[in-house]
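Take a look at the letters that make up each chain.
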Amino acid sequence: MSTPERIESKACFGGRQEVWAHRSEALGCDMRVAVFLPSRTQSEPCPVLYWLSGLTCTDQNFTTKAGAQRYAEEHGLILVAPDTSPRGDDVADDAAYDLGKGAGFYVNATQEPWASHYRMYDYVVDELPALVEAQFPATDARSIFGHSMGGHGALVVALRNPGRYRSVSAFAPIVAPSRVPWGEKALGAYLGDDASAWAEWDTCLLIPGATERLHLLIDQGDADGFLADQLAPELLTEVCAAHGHPITLRMQPGYDHSYYFIATFVGEHIAHHAEALRG
């Protein structure tokens, strides 16, 4: 593992909001990751809560818009927010916002030109936690949450790795990428046209075989412009009901897909994760 470099550190709610750069072997490029260190890390190791962002985002959207640091400080949690895709001049891209850079979909691509760098699943599940737990005063207690494409990523990562995460939650996640335009486009490009290869990256298709009944906490705004065509949370509630998988879906009146929505409820999500991480 290459030695990470701290490129930014700011006082924030009693802790430190930092940005680190490092070479990723999984992605074959240089990456940046935002890390909030609560003041409690000065005296003891702390659990880690991972955040996965949505389409077009970088490591900075969540850290500058969600206001999550105050809650992480209160509960003594390290917050880790990676970028949403590999970056660099030699990394494949697409002119559209929903494919390529900023749109890694947290999968391991098998199709060129994407397979050379787009292995965000391996990065999030293996490489990033190894770096965090080696570099910072972190315990091996982990939880994960995310928004939209990142909500899809958080749910898939948790379901595919029983025992690795204490809790999982999501804001407006893409729960059935095999059946919505965003997912069909991305999975088709990254994984090929054979839809059977998409199943292990689709939350609704993973639920029937889940060996761990990790409770799913999901917030969804009912004024979200993507709700009907891209998100379809009712598909997830139906499959969870059919297979006895615990889920709480909270439809929030008047809220859209923006960070105003996330900032409103992020404190409740962090409290949910803190209970699991420190319980």
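Please read these numbers as outputs of a predicted model, since none were measured by experiment.

**Here we look at the environment of Asp-202**
Phase 1 of the analysis: Tracing the sequence through the fold places Asp-202 in the loop between helix H5 (181-191) and helix H6 (203-206).
Phase 2 of the analysis: The spatial distance from the C-alpha of Asp-202 to the C-alpha of Gly-183 is 9.0 Å, given a sequence separation of 19 residues.
Phase 3 of the analysis: Each residue touching Asp-202, except ones within four places of it in the same chain, is listed here: Val-156, Val-175, Ala-176, Pro-177 and Ser-178.

**Looking at the pattern of salt bridges**
Phase 1 of the analysis: Under the counting rule described, the total for this entry stands at ten salt bridges.
Phase 2 of the analysis: Taking the shortest distance from any N to any O, the salt bridge between Asp-30 and Arg-23 comes out at 3.4 Å.
Phase 3 of the analysis: The exposure class assigned to Arg-23 is partly exposed, which follows from its relative accessible area of 37%.
Phase 4 of the analysis: Sharing partners across several salt bridges, the network here consists of Asp-219, Arg-250 and Glu-268.

**Observations regarding helix H9 (residues 259-278)**
Since the α-helix turns once every 3.6 residues, residues separated by three or four places project in the same direction.
Phase 1 of the analysis: Here H9 is 20 residues long and its end C-alpha atoms lie 27 Å apart, about the 28 Å a rise of 1.5 Å per residue gives.
Phase 2 of the analysis: Where H9 bends most, the angle comes to about 45°, and this point is Phe-265.
Phase 3 of the analysis: One side-chain oxygen of the residue at the start of H9 lies 3.2 Å from the amide nitrogen of Tyr-260, identifying that residue as Ser-258.

The rules behind each value
- Residues numbered from 1 in each chain as written.
- Predicted model: local features only at pLDDT ≥ 70, side-chain atom pairs only at ≥ 80, totals over all residues.
- Heavy atoms only, no water.
- Helix = DSSP H or I, 4+ residues; strand = E, 2+ residues; numbered from the N terminus.
- Contact = heavy atoms within 4.5 Å.
- Salt bridge = Lys/Arg side-chain N within 4 Å of Asp/Glu carboxyl O.
- Buried < 20%, exposed > 50% of the residue type's maximum accessible area, 1.4 Å probe, protein only.
- Expected span 1.5 Å × (residues − 1).
- Bend = angle between axes of the 7 residues up to and from the residue.
- Polar contact = N/O pair within 3.5 Å; in protein donor to acceptor, adjacent residues only side chain to side chain.

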